[in-house]
Amino acid sequence: MEKLKIGIILGSTRKGRVSPQVGKWVKEIADKREDANYEIVDIAAFNLPFVGEGSGKEPGILAWSEKLSSLDGFVFIVQEYNHSITGALKNALDSARDEWNNKAAGIVSYGSTGGARAAEHLRGILGELLVADVRVNPTLSLFTDFENFKTFKPADLHLDNIHAMLDQTIAWSGALKKITISLIVY
Ligand SMILES: Cc1cc2nc3c(=O)[nH]c(=O)nc-3n(C[C@H](O)[C@H](O)[C@H](O)COP(=O)(O)O)c2cc1C
């Protein structure tokens, strides 16, 4: 069977963001498992207009839809902005619908309290989009996992949690893919 395709979605787009460092770290750990094809998906690269403000046919919107359709599951790299997710991630979530449905997701979050409040907000949104979010949520601290809040230096203790999150994301992504295929076939 073909390997699952998992997108590691960078939730922030601001200049000077640290999310690419976190995404790269997760991808390096994930790639060593050889259980799926992992890729970084950078929202910033899609230049998504705000929902409802464009024609809905911008190249970025079409590319976003195609990218999400090609993926079987997701790992969200989530940063806490005012106790929630970024506006950019919310807009990216709102910019597709069916493409998210019946897939699984893990969440890796960071912030002053591990980004837990943003991760919990994201779970509510994912429920509406029919994305099955897994329980284990590695939470990284701006104080202890980053140097000067800028340079990512994760503590070793997070490694087990990343693997546990990936174990379940892969299991659920595979199971949901089979169910979706059988729904299409029959
Ligand atoms: C507008 C804004 C609001 C923020 N609000 C919070 C917050 O409520 N809680 C928190 O822990 N960190 C908060 N932060 C700190 C961010 O989590 C931190 O800057 C982090 O590096 C952002 O991720 P990024 O660098 O990938 O964009 C906020 C940062 C910004 C820019």
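Report on the accompanying structure. Just so it is clear, the model here is predicted, and its values are computed rather than measured.

## Side note on the site of the ligand
Working step 1: Taken together, 14 residues lie near the ligand, and Ser 12, Tyr 81, Asn 82, Tyr 110 and Ser 112 sit nearest.
Working step 2: Separating an oxygen atom of the ligand from a backbone N or O atom of His 83 is a distance of 2.9 Å.
Working step 3: Taking Tyr 110, its side chain carries an N or O atom lying 2.5 Å from an oxygen atom of the ligand.
Working step 4: When the free accessible area of the ligand is taken as 620 Å², the share hidden by the protein chains comes to 74%.
Working step 5: Partitioning the shell around the ligand into residue classes produces 4 nonpolar, 7 polar and 3 charged.

## Quick look at the nonpolar core
Working step 1: Core analysis: the biggest nonpolar cluster contains 27 residues, and Trp 64, Phe 76, Leu 89, Leu 93, Trp 100 and Leu 122 have the highest contact counts within it.
Working step 2: At the level of elements, helix 2 (59–70), strand 3 (73–79), helix 3 (87–94), strand 4 (103–111) and helix 4 (116–128) are the ones that each hand at least two residues to this core.
Working step 3: Sorting elements by how many residues they give to this core places helix 4 first, with 5 residues.
Working step 4: In contact with Leu 89, not counting residues within four places along its chain, are Ile 9, Gly 11, Ile 43, Phe 76, Val 78 and Leu 122.

About the criteria used
- Residues numbered from 1 in each chain as written.
- Predicted model: local features only at pLDDT ≥ 70, side-chain atom pairs only at ≥ 80, totals over all residues.
- Heavy atoms only, no water.
- Near = heavy atom within 4 Å.
- Polar contact = N/O pair within 3.5 Å; in protein donor to acceptor, adjacent residues only side chain to side chain.
- Areas by Shrake-Rupley, 256 points an atom, 1.4 Å probe, with all protein chains shown as cover.
- Nonpolar A, V, L, I, M, F, W, Y, C, P; charged D, E, K, R; others polar.
- Core = buried A, V, L, I, M, F, W, Y, C linked by side-chain atoms within 4.5 Å.
- Buried < 20%, exposed > 50% of the residue type's maximum accessible area, 1.4 Å probe, protein only.
- Helix = DSSP H or I, 4+ residues; strand = E, 2+ residues; numbered from the N terminus.
- Contact = heavy atoms within 4.5 Å.

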